Amino acid sequence: MRVAVIGAGLGGLALAQGLKAAGIDVTVHERDAALASRQQGYRLHLDGRAVQGLRRMLPPKLMELFDATAYSPVPPRFMMLDDQLEPLVTGEIEGPGDVSVDRLVLRQILFAGLADSVEFGKELTGYRSEPGSVTARFADGTESTADVLVAADGINSAVRRQYLPHARIFDTGVYQLYGRIPLDDRTRGLFDDRMFGIFTAIAGPDRTRAGVAPVEFPESPHRAAARAGVEVRPVSNYMTCSFSARHDWFERDFADLRTLPGPDLHALITRGVRDWHPRVREIVAQCDPESVFVLSLRCSVPIDPWPTTNVTLLGDAIHAMSPAAGSGACAALWDADLLASLLSGGGDPLVALRKYESEMIEYGFAKVREGAHNGQHYLGQDPLPES
């Protein structure tokens, strides 16, 4: 069996690892020129189910590296404070094994050993399906034919636009600024014990929200990777720092915000928390201005199941969700684990894909709805359309 994966994000690379371990011929086609060509974020939360999936997909050496660089929050909980740091909501994480990881570190771990299976600079322009095969076309004029095509190309999926043109992406009406604070002897005292859980939200007026979350590496990723013979860029402990608000709070549209450099975006966060607790203001002041970028929070609108073919989708390509679900990266890894397992079982790939889609559609869109509900309640998102 030959499998073509479009997109070298977390889900696409994890799937490639799982398929390669099963002896399946897999090629990943990534439109970017290199693994770190674009800023895609910092900290990620992974639940126990996602971590167990990685244990099934990754070779032992890479799983050891993952364990050496994944932070286990203590206590594993979500907390919401008001803008004067008084507690509003505390929620314990139900499942065991939740960790926080650095996105790029994880992506570099997932890429290890796949250099011969990943092609960069391959922007998909379309595909054509024939009985028993599917051929992907790329902007550089090349083509690639496989038995199965998997769309792992994110919320703007080119595969989804052709394959499921009725599937909609919903703009929630909320923008989020996202940056990073070095976590060292100088800054650590700004964060009390409550702020070292999974995520701490801080609720301000006018439906504004700030948030912090730690990434503390049990071992230096660079040193642990060198021991494993894997290349990982040096990175130090940090706290993520986010600020979200309704689009009208920013008084400019998203296209305009995207043109602003990090220091200008940092100035917006500073303005947003100017009347909050002094410690919050100092936390924001310590955020690296050059690290700040802007996101428009969008999610998928759930759709009915579709007839199974030799084209399928995983992760944000089909069930992009609000970060208020805390499950976007988790769901992509759930997908990769399930799909790798089913395709590795042999037999008719359409049978495996039908079973995969049946399960993935159910849990994926359930998480989309959960994120929409939480986002509406906590972030002021617009309600998710029914269809």
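Read on for an overview of the structure. This structure is a prediction, so every number in the text was calculated from the model and none was measured. (Residues numbered from 1 in each chain as written. Predicted model: local features only at pLDDT ≥ 70, side-chain atom pairs only at ≥ 80, totals over all residues. Heavy atoms only, no water.)

Attention now goes to the nonpolar core. Ranked by size, the top nonpolar core spans 99 residues in total, and within it Leu46, Leu54 and Phe66 carry the most contacts. A per-element tally of this core places helix α12 (residues 328-343) first, with 11 residues. When sequence neighbours within four positions are dropped, the list of residues in contact with Phe66 reads Leu46, Val51, Leu54, Val99, Val101, Leu106 and Ile109. Core analysis: the next-biggest nonpolar cluster, separate from the first, contains 34 residues, Leu177, Phe250, Ile269 and Val273 among them. (Core = buried A, V, L, I, M, F, W, Y, C linked by side-chain atoms within 4.5 Å. Buried < 20%, exposed > 50% of the residue type's maximum accessible area, 1.4 Å probe, protein only. Helix = DSSP H or I, 4+ residues; strand = E, 2+ residues; numbered from the N terminus. Contact = heavy atoms within 4.5 Å.)

What follows deals with the layout of surface pockets. The calculated volume of the second largest pocket comes to roughly 330 Å³. Looking at the second largest pocket, it is lined by 17 residues, and the ones nearest its centre are Gln39, Gly41, Asp102, Leu104 and Arg180. Looking at which element gives the most residues to the lining of the second largest pocket, the answer is helix α4 (residues 103-111), with five residues. Here the residues of the lining of the second largest pocket sort into seven nonpolar, four polar and six charged. (1 Å grid on protein atoms, 1.4 Å probe; cavity = no way out; pocket = protein on both sides within 12 Å on 5 of 7 lines; lining within 4 Å. Points joined across faces, edges and corners; volume = space filled by probe spheres on them. Nonpolar A, V, L, I, M, F, W, Y, C, P; charged D, E, K, R; others polar.)

On to the sheet that holds strand β10 (residues 143-146), then. Here three strands make up an open sheet; going across it, the order is β8-β9-β10 and the pairing antiparallel. Only two strands of the sheet have a single neighbouring strand rather than two, namely β8 (124-130) and β10. With strand direction ignored, the average angle separating the axes of adjacent strands in the sheet is 20°. Pairing geometry for β8 and strand β9 (residues 133-138), over six bridges, is antiparallel. Its bridge partner being in β9, Arg128 is matched across the sheet by Thr135. (Pairing = 2+ DSSP bridges. Axes fitted to C-alpha atoms, helices over the stretch in contact; angles between N-to-C directions.)

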